[in-house]
Amino acid sequence: MHFHFAWVVHFWVALDSQGNGFITLSQAFIDGKFKNTTIKLGRQMINTPHLDSDDIRMMPNYFQAFVIKNSDFKNLELTVAKVDKMAGWENGLDSSKFIDIEKVAGSDKISDGLYMLSAVYNGIEDFNFQAWYYYLRDLYDIIYLEIVKEFKVNQATFTLGLQYDRSNGIGSMLLGDIGSSTYGITLHTHYSGLQLLFAYNKDLGKTGAIGSFGGGPFFTSLEDQTIDAIGEKGDAWIMGCEYNFKNFKLSTIYGSFQAKNKEIYNVTETDFISEYEISNRFSVTLAYAMINDKNLNNGYNQLRFIMNYNFW
C-alpha cells in the first residue's frame, strides 16, 4: 500500500469581514491506495451533491475529512466519509478558518461530525445513477438520488436528468422539525455549438428545500438564486441557451423562484455569462446576474470577473 503527504498554502487577495487579507493552509492531507481502495485524510477539496467546493469566488470551500473510495465492483464506485470542519466562502462564519461542520449547519452543539455514504453507477452506456446519504446526529439527514440519461436523435444530443432530495430532522432535532421533499427534472439539447436547457424543481415537504455545504445539487441553481433560498415550500424553473465558438462560450439563462405563497418569496434572475479559454492553462470568465424581487419591487446586480491560470 502506497501513501504520500501533500500540502498547499493559498494566499487569498479576498478580504474578510474586517477588511483584512488572510493566508490559509487550505489543503494538507495524507492519501494512499491499496488495489481498488483509496484513502484520503486531512484538509481537502470535496465535490458531492451537498458537500462541494462551489468554486465561484476567490476562495472555494474546503473540508477537513476522512474519505474512503472503493471500486471493487465493476462500474460502481462506493464512498464513505466523515467530515469534521469546513473553510471557505460558504462556511458562513469565517472563510479563513476551518469551522466545525455542526456550527456551519447552524447548531452550537458539537457532536461527531457529518457522515456520508454514496454509490455511483455508470455501467450502462450514456447512463449514470448516483445515491448519496448524509447524516448529522441530532440535526438532520439527507437522501439524494439522481439519474441522468443521454440519447441522440439525428444530429442532436439530448440529456435528461431526474433528481430527488429528501431531508428529515433526527434525534433531538436541534434545528427544528426539518422535512423537505424536493423533485427535479432537467433537459439539455445539444446541436452543433448550440445548447438549449430547461430545468424545474418543486418542494412538497413540510419545509423548504434543504441547504448545502456549498452550492447544492439542484438543477435550477443559478449564479445567485437556488430553490433552497426560498426557505419553505415552493418551486423554481430556469430556461436558457448557450453557444460555443471553439474556445469561446456565451450563455444566457432566465429563472423564476417562488414560494407556494408568492407574497412571501417571488424572485427572478437573468444571467449573462461569457467564458474564454485563452490556452490550456489560462481562462477568463465574466458573469453578470440581475436579480429582481417582485414583492419588494427592487433588486440588485452581481458581477464576477475571474482569470484563472494553472501553473501545472
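Fair warning: this is a prediction, and the values are worked out from it, not measured in the lab.

## Some details on the side chain of Thr182
Turning to step 1, where the next piece is worked out: Residue placement: Thr182 occurs in strand β11 (residues 179-191).
Turning to step 2, where the next piece is worked out: We classify Thr182 as buried; its relative accessible area is 0%.
Turning to step 3, where the next piece is worked out: Among the polar contacts listed, one links the side chain of Thr182 to the side chain of Asp203, at a separation of 2.5 Å.
Turning to step 4, where the next piece is worked out: Excluding its chain neighbours within four sequence positions, the residues that come into contact with Thr182 are Gln163, Tyr164, Asp165, Asn201, Lys202, Asp203, Ala209, Phe218 and Ile227.

## So, the pattern of salt bridges
Turning to step 1, where the next piece is worked out: Summed over all chains, the structure comprises 8 salt bridges.
Turning to step 2, where the next piece is worked out: Two residues, Asp112 and Arg137, come together in a salt bridge whose shortest N-O distance is 3.6 Å. Linking Asp112 in the loop between α1 (101-105) and β7 (114-121) with Arg137 in the loop between β8 (127-136) and β9 (140-153), this pair joins segments that are 25 residues apart in sequence.
Turning to step 3, where the next piece is worked out: Classification of Arg137 as partly exposed rests on a relative accessible area of 33%.
Turning to step 4, where the next piece is worked out: Each of Lys109, Asp112, Arg137 and Asp138 takes part in a single network of salt bridges with overlapping partners.

## Some points on the environment of Ile170
Turning to step 1, where the next piece is worked out: Structurally, Ile170 is set in the loop between β10 (156-169) and β11.
Turning to step 2, where the next piece is worked out: A sequence separation of 67 residues divides Ile170 from Lys103, and the C-alpha atoms of the two residues are 17 Å apart.

## Quick look at the nonpolar core
Turning to step 1, where the next piece is worked out: Ranked by size, the top nonpolar core spans 24 residues in total, and within it Leu51, Val83, Leu114, Tyr140 and Phe213 carry the most contacts.
Turning to step 2, where the next piece is worked out: In this view, Tyr140 contacts Ala105, Tyr134, Tyr135, Asn168, Gly169, Ile170, Leu175, Ile178, Ile210 and Phe213; residues no more than four positions away in its chain are not counted.

## Overview of the environment of Gly88
Turning to step 1, where the next piece is worked out: Turning to its location among the elements, Gly88 is positioned in the loop between β5 (76-87) and β6 (99-100).
Turning to step 2, where the next piece is worked out: Separated by 173 residues in sequence, Gly88 and Asn261 place their C-alpha atoms 34 Å apart.
Turning to step 3, where the next piece is worked out: Those residues in contact with Gly88 that sit more than four places away from it in its chain are Met59, Pro60, Asn61 and Ser95.

## A word on a nonpolar patch on the surface
Turning to step 1, where the next piece is worked out: A contiguous nonpolar surface patch, about 640 Å² in accessible area, is contributed by Phe129, Leu145, Ile147, Phe151, Val153, Leu160, Leu162, Ile185 and Leu187.
Turning to step 2, where the next piece is worked out: Listed by contribution, the elements that provide at least two residues to the nonpolar patch are β9, β10 and β11.
Turning to step 3, where the next piece is worked out: Here the nonpolar patch takes 4 residues from β9, the largest share from any one element.
Turning to step 4, where the next piece is worked out: Within the secondary structure, Leu187 is located in strand β11.

## Describing the packing of aromatic side chains
Turning to step 1, where the next piece is worked out: The full count for this structure, using the stated rule, is 7 aromatic pairs.
Turning to step 2, where the next piece is worked out: Residues Trp237 and Tyr254 carry aromatic rings whose centres are separated by 5.7 Å and whose planes lie at 55° to one another, so their mutual orientation is tilted. With a gap of 17 residues between them, Trp237 in strand β13 (residues 234-245) and Tyr254 in strand β14 (residues 248-259) connect regions that are remote in the sequence.
Turning to step 3, where the next piece is worked out: Take Trp237: its relative accessible area is 29%, and that puts it in the partly exposed class.
Turning to step 4, where the next piece is worked out: An aromatic cluster is defined as three or more aromatic residues linked by ring pairs; in this entry it consists of Tyr243, Phe245, Phe248 and Tyr276.

## Topic: the pairing of β10
Turning to step 1, where the next piece is worked out: As paired elements, β9 and β10 share 14 bridges and run antiparallel to each other. The residue bridging Glu150 from the neighbouring strand is Thr159, located in β10.
Turning to step 2, where the next piece is worked out: In textbook terms, the turn of a hairpin is the stretch between consecutive antiparallel strands, and for β9 and β10 this stretch comprises 2 residues, one of which, Asn154, has a positive phi near 55°.
Turning to step 3, where the next piece is worked out: In this sheet, β11 lies alongside β10 in antiparallel orientation, the contact comprising 12 bridges.

## Some points on unusual backbone geometry
Turning to step 1, where the next piece is worked out: Within the chain, Asp126 stands out as a residue other than glycine whose phi angle is a positive 60°.
Turning to step 2, where the next piece is worked out: Inspection of the secondary structure assignment puts Asp126 in the loop between β7 and β8.
Turning to step 3, where the next piece is worked out: Take Asp126: its relative accessible area is 39%, and that puts it in the partly exposed class.
Turning to step 4, where the next piece is worked out: We note that Asn297 has phi near 60°; this positive angle belongs to a residue other than glycine.
Turning to step 5, where the next piece is worked out: Along the chain, Asn297 falls in the loop between β16 (282-293) and β17 (298-309).
Turning to step 6, where the next piece is worked out: With relative accessibility at 69%, the residue Asn297 sits in the exposed group.

## Topic: the confidence of the model for the chain
Turning to step 1, where the next piece is worked out: Per-residue pLDDT for the chain has a mean of 90; in total, 91% of the residues score no lower than 70.
Turning to step 2, where the next piece is worked out: Taking the mean pLDDT of every element in the chain, the minimum, 56, falls on strand β1 (residues 2-12) and the maximum, 98, on β7.

## Describing the side chain of Ser118
Turning to step 1, where the next piece is worked out: Here Ser118 shows up in strand β7.
Turning to step 2, where the next piece is worked out: With relative accessibility at 8%, the residue Ser118 sits in the buried group.
Turning to step 3, where the next piece is worked out: Ignoring sequence-local partners within four residues, the contact set of Ser118 consists of Glu77, Leu78, Thr79, Ala131 and Trp132.

Cut-off values and rules
Residues numbered from 1 in each chain as written. Predicted model: local features only at pLDDT ≥ 70, side-chain atom pairs only at ≥ 80, totals over all residues. Heavy atoms only, no water. Helix = DSSP H or I, 4+ residues; strand = E, 2+ residues; numbered from the N terminus. Buried < 20%, exposed > 50% of the residue type's maximum accessible area, 1.4 Å probe, protein only. Polar contact = N/O pair within 3.5 Å; in protein donor to acceptor, adjacent residues only side chain to side chain. Contact = heavy atoms within 4.5 Å. Salt bridge = Lys/Arg side-chain N within 4 Å of Asp/Glu carboxyl O. Core = buried A, V, L, I, M, F, W, Y, C linked by side-chain atoms within 4.5 Å. Patch = residues over 30% accessible without salt bridge, like charges linked within 9 Å, V, L, I, M, F, W, Y side chains within 5 Å. Areas by Shrake-Rupley, 256 points an atom, 1.4 Å probe, with all protein chains shown as cover. Phe/Tyr/Trp six-rings, centres within 6.5 Å; stacked < 30°, edge-to-face > 60°. Pairing = 2+ DSSP bridges. pLDDT = per-residue confidence, 0-100.

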